[in-house]
Amino acid sequence: MARREETEQEAAAPPTTVPEATLGVGMVGYAFMGAAHSQGWRTAGHVFDLPMQPALAAICGRDRTAVDAAAERHGWAAAETDWRALIARDDVQLVDICTPGDSHAEIAIAALEAGKHVLCEKPLANTVAEAEAMTEAAERARARGQVAMVGFNYRKVPAIAYARTLIADGRLGVLRHIRATYLQDWLVDPESPLTWRLKREHAGSGALGDLGAHIVDLAQYLAGELLVGVSAVAETFVRERPLLAGASAGLSGTADSGARGAVTVDDAALFTGRLASGALASFEATRMAAGRKNALRLEINGERGSLAFDLERLNELSFHDHTEPATTAGFRRILVTEPEHPYLEAWWPPGHALGYEHTFIHQARDLVLTIAEGADPVPSFADGLQVQRVLAAVEESAEKSSVHTPVQS
Ligand code: SOE
């Protein structure tokens, strides 16, 4: 679609292209991520020229009243209370999994075996074994023409996608350092309740899997190479929290009568890593950084220059070209809103900023195009598995690091 700068008459004219086909989407889960993915599916076909129009066929959740309300709110045509029934529907060709990690493997494998394409939220699974089984199912399905993608949505921020282009074009030269932090503060309050995200059996890990998975993926995506080793520390600062009145909940919930339960995941994980080329990386993932709401920051230093990104200013990229004369060189701000920048050809005129929800619209766009073109998905389940292996290595290293090298007094 042309950039949004038509006259009112042009804008009112009937569309010149008629979508050739629809892609029926069935989504499992309707909390925060379900709402974000709904936004993506609803909007992608209205903004980008797509060979298939996503159709919001059915949404699924266990609570009938709540799932009906979610269907109404987010624009889904039908609601199911059993994910198996959702997968079995003829009007569903793609299953989008937005549930806690403990159900990713079962739903994804069943959907792939039923011939459906799959989008699965990150982290891909709770364990490496589950992620391996999912990746094997995805590879079998790929041979049948199906696609399985993992939801590392921050790759779809235009500034991050553009940073990848600059790095791939050699503008930073040989990479030396990556600094990646993802800081939130919703667990600073010790009275914040014990949601599923704080239980290992549901979430797999804590800040590590929830936030660390994003920055590990981004570091590897931007560098174009993989981590080969890590060294980590992790901590659970608040080990007991109020039990929730209801059995399951999202980030928030109502605390019950004073009873408390054990937190079985990390509140924070800090680690260093070495990339295949020898570049060094450092990572911080925490839900305990007071005042930091969703602060994902990246800095990449190479021998020819540096790039920096801050999710709180997601339309911008800072670039220092170290080949320029030292007298005038310095970090400069690139406003990533030009039509030539990734994804921007279909959005607003330069300077009219995008936000968080656009990452899900771009994710839906990429997935539809991948399916239509018969291309390999990016990021794939294999990419999700590789991140899972890094997370497992971080956990193993953090366990060993309980024996620290003592500091002499
Ligand atoms: C909660 O910590 C959360 O919603 C993550 O689960 C998302 O992946 C991240 O994008 C925002 O924060």
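Structure shown above.
Residues numbered from 1 in each chain as written. Predicted model: local features only at pLDDT ≥ 70, side-chain atom pairs only at ≥ 80, totals over all residues. Heavy atoms only, no water.

Asker: Any chance you could explain helix H11 (residues 381-400) here in plain terms?
Answerer: Owing to its 3.6 residues per turn, the α-helix aligns residues three or four sequence positions apart on the same side. For H11, with 20 residues, the first-to-last C-alpha span of 29 Å sits near the 28 Å given by 1.5 Å per residue. Turning to H11, its buried residues number three or more, namely Phe-381, Gly-384, Leu-385, Gln-386, Val-387, Gln-388, Val-390, Leu-391, Val-394, Ser-397 and Ala-398. The N-terminus of H11 is capped by Ser-380, whose side-chain oxygen sits 3.2 Å from the backbone nitrogen of Ala-382. (Helix = DSSP H or I, 4+ residues; strand = E, 2+ residues; numbered from the N terminus. Expected span 1.5 Å × (residues − 1). Buried < 20%, exposed > 50% of the residue type's maximum accessible area, 1.4 Å probe, protein only. Polar contact = N/O pair within 3.5 Å; in protein donor to acceptor, adjacent residues only side chain to side chain.)

Asker: Is there a simple way to think about the environment of Asn-153 in this case?
Answerer: Take Asn-153: it is sitting in the loop between strand S6 (148-151) and helix H7 (158-168). As for Asn-153 and Ile-361, which are separated by 208 residues in sequence, their C-alpha atoms are 9.3 Å apart. Not counting chain neighbours up to four residues away, the residues in contact with Asn-153 comprise His-214, Tyr-356, Thr-359, Phe-360 and Gln-363. (Contact = heavy atoms within 4.5 Å.)

Asker: Even after reading the chapter, I still don't get the sheet that holds strand S8 (residues 227-235), so can you show me in this structure?
Answerer: Paired through backbone hydrogen bonds, the strands of a sheet run either parallel or antiparallel to each other. Sheet architecture is open: eight strands sit in the order S8-S11-S12-S7-S13-S14-S15-S16, paired in mixed fashion. Looking along the sheet, the strands with just one partner apiece sit at the ends: S8 and strand S16 (332-335). Averaged over all pairs of adjacent strands, the angle between strand axes in this sheet comes to 15 degrees, irrespective of strand direction. Both strand S14 (residues 305-310) and strand S15 (residues 316-321) contribute to a ladder of four bridges, which runs antiparallel. The residue of S15 that forms the bridge with Gly-305 is Asp-321. Against the sheet, helix H9 (residues 207-223) makes contact with strand S7 (175-183), S8, strand S11 (268-275), strand S12 (280-286) and strand S13 (295-302), and its axis sits at roughly 155 degrees relative to S12, the strand it touches most. (Pairing = 2+ DSSP bridges. Axes fitted to C-alpha atoms, helices over the stretch in contact; angles between N-to-C directions.)

Asker: In this structure, what is going on with the site of the ligand? I would like to understand it.
Answerer: Around the ligand, the neighbouring residues are Phe-32, Lys-122, Tyr-154, Tyr-182, Gln-184, Trp-186, Arg-197, Asp-210, Leu-211, His-214, Asn-294 and Tyr-356. Between an oxygen atom of the ligand and a side-chain N or O atom of Tyr-182, the distance comes to 3.4 Å. Its free accessible area being 300 Å², the ligand has 96% of it covered by the protein chains. No other element matches H9, which puts three residues into the shell around the ligand. Of the residues that constitute the shell around the ligand, the class distribution is six nonpolar, three polar and three charged. (Near = heavy atom within 4 Å. Areas by Shrake-Rupley, 256 points an atom, 1.4 Å probe, with all protein chains shown as cover. Nonpolar A, V, L, I, M, F, W, Y, C, P; charged D, E, K, R; others polar.)

Asker: Teacher, can you tell me more about the pairing of S12 here?
Answerer: Along any regular strand, the residues point their side chains to alternate faces of the sheet. Bridging between S7 and S12 involves seven bridges; their strand directions are parallel. Looking across to S12, one finds that His-177 is bridged to Leu-280. As defined by bridge partners, S11 adjoins S12 across seven bridges and the pair is classed as antiparallel. Looking at S12, one finds that Leu-270 is bridged to Glu-284. The antiparallel pairing of S11 with S12 creates a hairpin that spans four residues between the two strands, and Gly-278 there sits at a positive phi of about 105 degrees.

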